[in-house]
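What the coordinates show
The chain contents come next:
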Amino acid sequence: MHFNKNFIWLAVFSPFSFAAYDATDMVSLNADMAYKYDSNVFRLSDFGSNSVVRKNDGQLGDSNLQAVLGAKFQMPISRQKIYANAQMSRQQYFTFEELNYTGWQADVGWGWQLGNQFFGTLAAHSKSSMNSFDDVRNGVVDMVRETGADWNGAWQIHSQWSLLANASYVKQVHDERKLEDAKNSSYGFGLRYVTGKGSSLTLRHNWQDYDYLNDLLFISASLRGYTEQITTLNLVWPITEKIEIAANGGFSQWKSKIQNSKSSRTPQGDLALKWRGTEKTRFRTGYGQNFDQFNSGVGRNLERKAYFGANWEMSEKMVWDAEFSRRQRTTDSSHSIQLRDELYDSFRLRLSYTPVRSVTLSPFVTLERRKDQIGSDDYSDQQYGISGRYDF
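Computed from a prediction, not measured in an experiment: that's the story for all the values here. (Residues numbered from 1 in each chain as written. Predicted model: local features only at pLDDT ≥ 70, side-chain atom pairs only at ≥ 80, totals over all residues. Heavy atoms only, no water.)

**Brief notes about the overall build of the protein**
Counting its regular elements, the protein contains three helices and 18 strands. For the protein, the residues scored as buried account for 37% of the 392 residues in total. Taken as a whole, the protein presents about 21700 Å² of accessible surface, with 58% of it coming from carbon and sulfur. (Helix = DSSP H or I, 4+ residues; strand = E, 2+ residues; numbered from the N terminus. Buried < 20%, exposed > 50% of the residue type's maximum accessible area, 1.4 Å probe, protein only. Areas by Shrake-Rupley, 256 points an atom, 1.4 Å probe, with all protein chains shown as cover.)

**A look at the packing of aromatic side chains**
Under the defined criterion, the tally for this structure stands at 15 aromatic pairs. With centroids separated by 4.8 Å and ring planes inclined at 45°, the aromatic side chains of Trp161 and Tyr193 adopt a geometry described as tilted. Taken together, the residues Trp161 in strand β7 (residues 161–174) and Tyr193 in strand β8 (residues 182–194) connect sequence positions 32 residues apart. The partly exposed category is assigned to Trp161, whose relative accessible area is 35%. Put simply, the rings of Tyr210, Tyr212, Tyr226, Trp254 and Phe291 pair up and form one aromatic cluster. Its guanidinium or amino end placed over the ring of Phe251, Arg265 lies 4.3 Å from that ring's centre, counting from NZ or CZ. Sitting over the ring of Tyr344, Arg327 keeps its end group 4.1 Å from the ring centre. (Phe/Tyr/Trp six-rings, centres within 6.5 Å; stacked < 30°, edge-to-face > 60°. Lys NZ or Arg CZ within 6 Å of the ring centre and 35° of its normal.)

**Description of unusual backbone geometry**
Here Arg43, not a glycine, exhibits a phi torsion of approximately 55°, which is positive. You can see Arg43 is positioned in the loop between β1 (27–38) and α2 (51–55). One non-glycine residue, Leu217, lies in the positive phi region at around 55°. For Leu217, the position within the fold is in the loop between β9 (200–212) and α3 (221–224).

**Remarks on the environment of Glu176**
Tracing the backbone through its elements, the reader meets Glu176 in the loop between β7 and β8. We classify Glu176 as partly exposed; its relative accessible area is 48%. Separated by 32 residues in the primary sequence, Glu176 and Val144 have C-alpha atoms spaced 8.8 Å apart.

**What about the environment of Lys81?**
Mapped onto the elements, Lys81 comes out in strand β3 (residues 80–93). Separated by 31 residues in sequence, Lys81 and Trp112 place their C-alpha atoms 6.6 Å apart. If we ignore the near neighbours within four places in the chain, the residues touching Lys81 are Gln74, Met75, Pro76, Gly109, Trp110 and Gly111. (Contact = heavy atoms within 4.5 Å.)

**A word on the side chain of Asn206**
Looking at the secondary structure, you find Asn206 in strand β9. Look at Asn206 and you get buried, because its relative accessible area is 18%. A polar side-chain atom of Asn206 sits 2.9 Å from a polar atom in the side chain of Asn166. (Polar contact = N/O pair within 3.5 Å; in protein donor to acceptor, adjacent residues only side chain to side chain.)

**What about the pattern of salt bridges?**
Counted by the stated rule, this structure contains 18 salt bridges. The partner of Lys55 in a salt bridge is Glu98, and the shortest N-O contact between them spans 2.9 Å. Taken together, the residues Lys55 in helix α2 and Glu98 in the loop between β3 and β4 (101–114) connect sequence positions 43 residues apart. Residue classification places Glu98 among the partly exposed residues on the basis of a relative accessible area of 31%. Between Asp211 and Lys257 there is a salt bridge; the shortest N-O distance is 2.5 Å. With Asp211 in strand β9 and Lys257 in the loop between β11 (243–256) and β12 (263–276), this pair connects stretches of sequence that are 46 residues apart. Of the residues examined, Asp211 reaches a relative accessible area of 17% and is grouped as buried. Since its relative accessible area comes to 23%, Lys257 is described here as partly exposed. Linked through salt bridges whose partners overlap, the residues forming this network are Arg284, Asp321, Glu323 and Arg348. (Salt bridge = Lys/Arg side-chain N within 4 Å of Asp/Glu carboxyl O.)

**Quick word on the pairing of strand β14 (residues 300–313)**
The pairing of strand β13 (residues 281–291) with β14 spans 11 bridges and is classified as antiparallel. Residue pairing for β14: Thr285 is matched across the bridge by Phe308. In this sheet, strand β15 (residues 318–332) lies alongside β14 in antiparallel orientation, the contact comprising 14 bridges. Note on β15: the bridge partner recorded for Phe308 is Phe324. (Pairing = 2+ DSSP bridges.)

**Section: the pairing of β4**
For β3 and β4, the ladder comprises 11 bridges, and the chain directions are antiparallel. Counterpart to Asn85 in the pairing with β4 is Asp107. The sheet contact formed by β4 and strand β5 (residues 118–130) spans 11 bridges and is antiparallel. From the neighbouring strand, Ala106 faces β5, where its bridge partner is Ser126.

**Here's the deal with a nonpolar patch on the surface**
The grouping of Leu114, Phe118, Trp155, Ile157, Trp161, Leu163, Leu191, Leu201, Leu203 and Leu233 at the surface amounts to a nonpolar patch, some 860 Å² of accessible area in total. By the secondary structure assignment, Leu233 is in strand β10 (residues 226–238). (Patch = residues over 30% accessible without salt bridge, like charges linked within 9 Å, V, L, I, M, F, W, Y side chains within 5 Å.)

This is the structure we're talking about:
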């Protein structure tokens, strides 16, 4: 294993040459170092293989180190707030050196306010990361570059009522899976009501235009996308000091750009419950189904998820967190043909230990299995490791 040594040593030792961390600082820096072992890096079935696995005598698991350097900037100017964040990461595998890569992300934003009634945000972002092996199992490093911008605004027409508006544009480009290159633009309007007790009710309607950037065989790129309208109603309700419900529901009505295709109407939504059992325990549970923003290139990806989690503050310095989740991912073509139906069960346990204000150590373990309900790509996977973060 050959490390990018300068980057690794910089992430480990640079924090100790700076002053103590304070969350109110105009400029703050952070460094992360993590070790992880993954028993099935490529999410392969029991009989699956790829060129990297065959090259390494059938080895499925490997360890990796990841180093991250980050910086944050925030500056209030009267009622305005300017902010920027940047992060660079390096992932290094012990055996599967083909998967080593350097990623980054950056965003800038303006939290704006005009008078006492108009306020919102204007932001832009850019990032580069490796595609998940849930989608890419052939050992190819598919780097994904995403750029985008979004605007959100509110007009407070009454102490409890606000009119809302939003617009956004996002583009994704892949190194290898070029058929998934796409851009997505959307805009919408809404109305929000806030009670004096902290509850809120928000009605929104959004229009979306999704376009692929490359042709698929004889299908032009201009025909591969779709248009969509989404209507949602969102409720946030703190029932008591210990119990809060958040719910949103609505319908997605979307239509492929292929001529004579039919419109599809799909319910979407989430229901989440948070409960503070004691001063040191928190519980959460929820269920929902929603479309992915970016899709597989051959159809729309719908994900359903149910989860239950618990958080225990063992002491002022040690916090345990555990979560079990079940999610289902399906892909339907524009002609309503089901191309994918996979069921995932996962369990995650993490301890956060903060010996001093600026240092956090987090050992973790994750167990996951997938049931392919159409094909034979079942798998199981175990991950464990430890991460450390220093804010300065």
